[in-house]
Amino acid sequence: MSDCPEISSYLSRCNSCRVDSGCFMVYDRPNYMGNQYFLRRGEYSDYSRMGMFESIRSCRMIPMHRGNFRMRIYERENFGGQMMELMDDCDSIMDRYRMSDCQSCNVMDGHWLMYEQPHYRGRMMYMRPGEYRSFRDMGYSNMRFMSMRRIMDSC
């Protein structure tokens, strides 16, 4: 029902789950680190069949947002280089903005998912309102974020 930085304090291993309501990000390492996966209402009986990691180690509840969505993405760290402002989903920053990379962002409104490949594919990262000056410093040095999607209130 809320954020949990270390699931092993409750369960020795978490290999499946059911989301009764709301949306969650689950992580394969404690303290909201490592690979992330977005879960909405439904049953998740076997992570390995879905291409996910083998065990959930922490989870974060995503609050409902019913207002506007706004995020600025930058091609360089520390809000440098080309900047574009998003207010809706973007399936490819290369096709839409001719940006080849996104290394920092500022989420002003709403909750977003950023994906490493165009068309909302590949690994993802959950972004809540705040400034993100360096994805590399956050542990994403080998990832390039190429598409972004709003987390709507349909969870």
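Quick note: structure is the one above.
Just so we're clear, the structure is a prediction, and the values are computed from it rather than from any experiment. (Residues numbered from 1 in each chain as written. Predicted model: local features only at pLDDT ≥ 70, side-chain atom pairs only at ≥ 80, totals over all residues. Heavy atoms only, no water.)

1. A closer look at the environment of Met108
For step 1, the next point in the chain: If you trace the backbone, Met108 turns up in strand 8 (residues 104-109).
For step 2, the next point in the chain: Residues Met108 and Arg128, spaced 20 residues apart in sequence, show a C-alpha to C-alpha distance of 8.6 Å. (Helix = DSSP H or I, 4+ residues; strand = E, 2+ residues; numbered from the N terminus.)

2. Brief notes about the sheet that holds strand 2 (residues 23-29)
For step 1, the next point in the chain: Taken together, the three strands give an open sheet; going across it, the order is 3-2-5, and neighbouring strands pair in antiparallel fashion. Each having just a single partner strand, strand 3 (33-39) and strand 5 (58-62) make up the two edges of the open sheet. Geometrically, the sheet is characterised by an average inter-axis angle of 25° between neighbouring strands, direction not taken into account. (Pairing = 2+ DSSP bridges. Axes fitted to C-alpha atoms, helices over the stretch in contact; angles between N-to-C directions.)

3. Digging into the sheet that holds strand 11 (residues 130-132)
For step 1, the next point in the chain: Pairing in this open sheet of four strands is antiparallel, and the strands run 7-6-8-11 from one edge to the other. Of all strands in the sheet, those with a lone pairing partner are strand 7 (80-86) and strand 11, marking the two edges. The average undirected angle you get between the axes of adjacent strands in this sheet is 15°.
For step 2, the next point in the chain: With five bridges joining them, strand 6 (residues 70-76) and strand 8 adopt antiparallel strand pairing. The residue bridging Tyr74 from the neighbouring strand is Ser104, located in strand 8.

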